[in-house]
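Each chain, letter by letter, is given below.
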Amino acid sequence: NAGVTQTPKFQVLKTGQSMTLQCAQDMNHEYMSWYRQDPGMGLRLIHYSVGAGITDQGEVPNGYNVSRSTTEDFPLRLLSAAPSQTSVYFCATGGRGTDTQYFGPGTRLTVL
Amino acid sequence: GDSVTQMEGPVTLSEEAFLTINCTYTATGYPSLFWYVQYPGEGLQLLLKATKADDKGSNKGFEATYRKETTSFHLEKGSVQVSDSAVYFCALNTNAGKSTFGDGTTLTVKP
(Lines give C-alpha, C1' and ligand atoms only; values in the text may rest on other atoms or scores of the structure.)
Protein backbone atom coordinates (compact mmCIF):
# COMPACT_ATOMS: atom_id res chain seq x y z
CA ASN A 1 0.00 0.00 0.00
CA ALA A 2 2.00 2.96 -1.29
CA GLY A 3 -0.42 5.72 -0.25
CA VAL A 4 0.22 8.90 -2.25
CA THR A 5 3.14 8.90 -4.68
CA GLN A 6 4.56 11.81 -6.65
CA THR A 7 7.01 11.86 -9.51
CA PRO A 8 9.51 13.24 -10.14
CA LYS A 9 11.06 14.21 -6.79
CA PHE A 10 13.15 16.97 -8.38
CA GLN A 11 12.90 18.79 -11.69
CA VAL A 12 14.70 21.71 -13.33
CA LEU A 13 13.04 23.45 -16.26
CA LYS A 14 13.87 26.37 -18.47
CA THR A 15 11.42 29.22 -18.87
CA GLY A 16 8.78 28.34 -21.43
CA GLN A 17 9.12 24.58 -21.16
CA SER A 18 6.12 22.44 -20.29
CA MET A 19 5.91 19.41 -18.05
CA THR A 20 3.53 17.23 -16.06
CA LEU A 21 3.84 16.43 -12.37
CA GLN A 22 2.39 13.05 -11.58
CA CYS A 23 0.32 12.09 -8.55
CA ALA A 24 -1.09 8.64 -7.89
CA GLN A 25 -2.93 7.11 -4.96
CA ASP A 26 -4.00 3.61 -4.04
CA MET A 27 -6.40 4.49 -1.21
CA ASN A 28 -9.48 4.81 -3.42
CA HIS A 29 -9.99 8.39 -2.20
CA GLU A 30 -12.45 10.53 -4.13
CA TYR A 31 -10.78 13.86 -3.34
CA MET A 32 -7.39 14.86 -4.72
CA SER A 33 -5.66 18.23 -4.51
CA TRP A 34 -2.54 20.05 -5.61
CA TYR A 35 -0.77 22.61 -3.42
CA ARG A 36 2.36 24.67 -3.80
CA GLN A 37 4.64 25.66 -0.94
CA ASP A 38 6.84 28.72 -1.22
CA PRO A 39 9.52 29.71 1.33
CA GLY A 40 8.06 31.20 4.49
CA MET A 41 4.53 30.49 3.40
CA GLY A 42 1.97 27.84 3.99
CA LEU A 43 0.55 25.64 1.31
CA ARG A 44 -1.69 27.26 -1.26
CA LEU A 45 -4.30 25.31 -3.19
CA ILE A 46 -3.83 25.18 -6.97
CA HIS A 47 -6.56 22.82 -8.17
CA TYR A 48 -8.63 20.08 -6.64
CA SER A 49 -10.97 17.29 -7.70
CA VAL A 50 -13.90 15.66 -5.92
CA GLY A 51 -14.03 12.69 -8.26
CA ALA A 52 -13.14 11.39 -11.70
CA GLY A 53 -14.13 13.89 -14.37
CA ILE A 54 -14.63 16.76 -11.90
CA THR A 55 -12.05 19.45 -11.18
CA ASP A 56 -12.13 22.97 -9.78
CA GLN A 57 -9.78 25.86 -9.24
CA GLY A 58 -8.17 26.72 -5.96
CA GLU A 59 -6.48 29.88 -4.78
CA VAL A 60 -3.62 30.04 -7.33
CA PRO A 61 -4.67 28.20 -10.53
CA ASN A 62 -3.08 30.42 -13.19
CA GLY A 63 -0.46 28.67 -15.33
CA TYR A 64 -1.59 25.18 -14.34
CA ASN A 65 -3.99 22.64 -15.82
CA VAL A 66 -5.40 19.46 -14.35
CA SER A 67 -7.61 16.59 -15.41
CA ARG A 68 -8.96 13.57 -13.55
CA SER A 69 -9.74 10.66 -15.83
CA THR A 70 -9.36 7.99 -13.14
CA THR A 71 -9.80 7.85 -9.38
CA GLU A 72 -6.12 6.97 -8.93
CA ASP A 73 -4.35 9.70 -10.90
CA PHE A 74 -4.37 13.49 -10.82
CA PRO A 75 -1.61 15.01 -12.99
CA LEU A 76 -0.69 18.69 -12.82
CA ARG A 77 0.44 20.31 -16.08
CA LEU A 78 2.60 23.40 -16.38
CA LEU A 79 1.87 24.79 -19.82
CA SER A 80 4.74 27.28 -20.12
CA ALA A 81 6.96 27.32 -17.05
CA ALA A 82 7.91 30.64 -15.45
CA PRO A 83 10.44 31.38 -12.68
CA SER A 84 7.49 32.32 -10.42
CA GLN A 85 6.47 28.66 -10.51
CA THR A 86 9.64 27.61 -8.72
CA SER A 87 8.23 25.90 -5.66
CA VAL A 88 7.62 22.61 -3.90
CA TYR A 89 4.43 20.91 -5.08
CA PHE A 90 2.40 18.60 -2.89
CA CYS A 91 -0.43 16.31 -3.89
CA ALA A 92 -3.00 15.31 -1.29
CA THR A 93 -5.95 12.93 -1.13
CA GLY A 94 -8.98 12.51 1.10
CA GLY A 95 -12.06 10.36 1.38
CA ARG A 96 -15.56 11.64 0.71
CA GLY A 97 -17.33 12.55 3.92
CA THR A 98 -14.06 12.79 5.85
CA ASP A 99 -11.95 15.78 6.78
CA THR A 100 -8.39 14.45 6.75
CA GLN A 101 -5.96 14.87 3.86
CA TYR A 102 -2.98 12.62 3.18
CA PHE A 103 0.03 14.22 1.54
CA GLY A 104 2.56 12.91 -0.92
CA PRO A 105 6.31 13.51 -0.43
CA GLY A 106 6.42 16.49 -2.80
CA THR A 107 8.12 17.53 -6.05
CA ARG A 108 10.74 20.27 -5.90
CA LEU A 109 10.58 22.29 -9.13
CA THR A 110 13.08 24.92 -10.21
CA VAL A 111 12.40 27.09 -13.26
CA LEU A 112 15.43 28.94 -14.62
CA GLY B 1 -12.96 33.44 2.58
CA ASP B 2 -11.33 31.12 5.06
CA SER B 3 -8.02 32.10 6.60
CA VAL B 4 -5.54 30.89 9.24
CA THR B 5 -3.11 33.08 11.15
CA GLN B 6 -0.16 31.60 13.02
CA MET B 7 2.19 33.29 15.38
CA GLU B 8 5.27 34.49 13.59
CA GLY B 9 8.44 32.53 14.00
CA PRO B 10 11.00 31.32 14.22
CA VAL B 11 10.77 29.96 17.73
CA THR B 12 13.90 28.78 19.55
CA LEU B 13 13.63 26.88 22.83
CA SER B 14 15.86 24.89 25.11
CA GLU B 15 15.18 21.22 25.59
CA GLU B 16 12.41 20.53 28.15
CA ALA B 17 10.92 24.02 27.76
CA PHE B 18 7.18 24.59 27.35
CA LEU B 19 5.93 25.23 23.84
CA THR B 20 2.98 27.27 22.66
CA ILE B 21 2.32 28.11 19.02
CA ASN B 22 -0.71 30.32 18.54
CA CYS B 23 -3.22 29.77 15.76
CA THR B 24 -6.43 31.66 15.04
CA TYR B 25 -8.81 31.17 12.17
CA THR B 26 -11.66 32.70 10.20
CA ALA B 27 -14.09 30.38 8.50
CA THR B 28 -17.62 30.05 7.25
CA GLY B 29 -19.39 26.98 8.49
CA TYR B 30 -17.90 24.54 10.97
CA PRO B 31 -14.39 23.58 9.94
CA SER B 32 -12.18 20.83 11.26
CA LEU B 33 -8.86 22.08 12.58
CA PHE B 34 -5.46 20.48 12.12
CA TRP B 35 -1.83 20.75 13.07
CA TYR B 36 0.69 19.34 10.60
CA VAL B 37 4.44 18.92 11.09
CA GLN B 38 7.07 19.08 8.36
CA TYR B 39 10.59 17.82 8.97
CA PRO B 40 13.40 19.08 6.71
CA GLY B 41 13.09 17.79 3.15
CA GLU B 42 9.88 15.90 3.86
CA GLY B 43 6.17 16.26 3.23
CA LEU B 44 3.50 17.16 5.74
CA GLN B 45 2.49 14.73 8.44
CA LEU B 46 -0.73 15.05 10.37
CA LEU B 47 0.13 15.75 14.01
CA LEU B 48 -3.34 16.12 15.51
CA LYS B 49 -6.83 17.31 14.70
CA ALA B 50 -10.13 18.36 16.25
CA THR B 51 -13.48 18.30 14.52
CA LYS B 52 -15.80 20.33 16.76
CA ALA B 53 -15.83 22.97 19.47
CA ASP B 54 -14.13 22.01 22.75
CA ASP B 55 -12.56 18.89 21.23
CA LYS B 56 -8.95 18.34 22.22
CA GLY B 57 -6.57 16.74 19.77
CA SER B 58 -3.42 15.12 21.12
CA ASN B 59 -0.46 13.14 19.82
CA LYS B 60 3.18 12.59 20.87
CA GLY B 61 2.79 14.93 23.83
CA PHE B 62 1.33 17.75 21.74
CA GLU B 63 -2.16 19.07 22.44
CA ALA B 64 -4.55 21.61 20.97
CA THR B 65 -8.12 22.52 21.92
CA TYR B 66 -10.73 23.77 19.45
CA ARG B 67 -11.97 27.06 20.93
CA LYS B 68 -14.91 28.34 18.95
CA GLU B 69 -15.46 31.39 21.18
CA THR B 70 -11.95 32.69 20.48
CA THR B 71 -11.61 31.01 17.05
CA SER B 72 -8.30 29.53 18.16
CA PHE B 73 -6.45 26.22 18.06
CA HIS B 74 -3.16 26.79 19.90
CA LEU B 75 -0.56 24.03 19.90
CA GLU B 76 1.13 23.16 23.21
CA LYS B 77 3.70 20.73 24.51
CA GLY B 78 4.90 20.57 28.07
CA SER B 79 8.50 19.54 27.43
CA VAL B 80 10.03 19.80 23.97
CA GLN B 81 12.87 17.65 22.67
CA VAL B 82 15.52 18.29 20.06
CA SER B 83 13.66 15.86 17.79
CA ASP B 84 10.64 18.21 17.80
CA SER B 85 12.57 20.71 15.68
CA ALA B 86 10.47 21.16 12.55
CA VAL B 87 7.99 23.48 10.85
CA TYR B 88 4.45 23.38 12.25
CA PHE B 89 1.40 24.32 10.21
CA CYS B 90 -2.08 25.08 11.45
CA ALA B 91 -4.85 24.36 8.94
CA LEU B 92 -8.60 24.15 8.57
CA ASN B 93 -10.97 22.53 6.15
CA THR B 94 -14.63 21.87 5.63
CA ASN B 95 -14.12 18.91 3.30
CA ALA B 96 -11.25 16.61 2.41
CA GLY B 97 -10.74 18.27 -0.95
CA LYS B 98 -9.18 21.51 0.18
CA SER B 99 -7.50 22.95 3.21
CA THR B 100 -6.43 26.45 4.19
CA PHE B 101 -3.02 26.69 5.84
CA GLY B 102 -1.22 29.16 8.02
CA ASP B 103 2.26 30.31 7.02
CA GLY B 104 4.02 27.86 9.31
CA THR B 105 6.15 28.30 12.43
CA THR B 106 9.71 27.04 12.52
CA LEU B 107 10.66 25.51 15.85
CA THR B 108 14.28 24.91 16.81
CA VAL B 109 15.01 23.09 20.05
CA LYS B 110 18.55 23.36 21.41
CA PRO B 111 20.09 20.77 23.75
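Whatever comes next refers back to the structure up there.
Bear in mind the structure is a predicted one, so any value in this text is a computation, not a measurement.

It is worth spelling out the overall build of chain B at this point. Assigned secondary structure in chain B consists of zero helices and twelve strands. Written out in order from the N terminus, the α and β elements of chain B read β-β-β-β-β-β-β-β-β-β-β-β. By the compact-globule yardstick of 13 Å for 111 residues, chain B fits well, its C-alpha radius of gyration being 13 Å. For chain B, the spread of C-alpha atoms along the three principal axes comes to 45 × 30 × 20 Å.

Right, let's get into unusual backbone geometry. A cis amide bond links Thr-7 of chain A with the next residue in sequence, Pro-8 of chain A, at an omega value of -5°. Examined against the element boundaries, Pro-8 of chain A turns out to sit in the loop between strand 1 (4–7) and strand 2 (10–13). Its identity as a non-glycine residue notwithstanding, Lys-60 of chain B has a phi of 55°, on the positive side. Tracing the sequence through the fold places Lys-60 of chain B in the loop between strand 7 (56–59) and strand 8 (62–65). In this structure, Thr-71 of chain B is a non-glycine residue whose phi angle is positive, near 40°. Looking at where Thr-71 of chain B falls in the secondary structure, it is placed in the loop between strand 8 and strand 9 (75–77). A relative accessible area of 30% means that Thr-71 of chain B is categorised as partly exposed.

What follows concerns the sheet that holds strand 8 (residues 76–78) of chain A. All names here are of chain A. Across the sheet, which stays open at both edges, the four strands sit in the order 1-3-8-7 with antiparallel pairing between neighbours. Looking at which strands have only one partner, the edges of the open sheet turn out to be strand 1 and strand 7 (64–66). Taking the axes of each pair of neighbouring strands and ignoring which way they run, one obtains an average angle of 20° across the sheet. Both strand 7 and strand 8 contribute to a ladder of three bridges, which runs antiparallel. By the bridge assignment for strand 8, Tyr-64 is matched with Leu-78.

Moving on: the sheet that holds strand 7 of chain B. All names here are of chain B. Read from one edge of the open sheet, four strands run 3-9-8-7, paired in antiparallel fashion. Both outer strands of the open sheet, strand 3 (19–21) and strand 7, are each paired with one neighbouring strand and no more. For this sheet the average axis-to-axis angle between neighbouring strands, irrespective of direction, equals 15°. Note that strand 7 and strand 8 share four bridges and pair antiparallel. By the bridge assignment for strand 8, Ser-58 is matched with Glu-63.

Residues and elements named next belong to chain B. With burial as the criterion, only one face of strand 12 (residues 105–110) is covered, namely that bearing Thr-105, Leu-107 and Val-109; the residues Thr-106, Thr-108 and Lys-110 on the opposite face remain uncovered. Direction of pairing for strand 2 (residues 11–14) relative to strand 12: parallel, over a ladder of four bridges. From the neighbouring strand, Val-11 faces strand 12, where its bridge partner is Leu-107. By the bridge criterion, three bridges tie strand 10 (residues 86–95) to strand 12 in an arrangement that is antiparallel. Opposite Val-87, over in strand 12, you have Thr-106 as the bridge partner.

So, how was this worked out
- Residues numbered from 1 in each chain as written.
- Chains lettered and ligands numbered in written order.
- Predicted model: local features only at pLDDT ≥ 70, side-chain atom pairs only at ≥ 80, totals over all residues.
- Heavy atoms only, no water.
- Helix = DSSP H or I, 4+ residues; strand = E, 2+ residues; numbered from the N terminus.
- Rg over C-alpha atoms; globule rule 2.2 N^0.38 Å.
- Buried < 20%, exposed > 50% of the residue type's maximum accessible area, 1.4 Å probe, protein only.
- Pairing = 2+ DSSP bridges.
- Axes fitted to C-alpha atoms, helices over the stretch in contact; angles between N-to-C directions.

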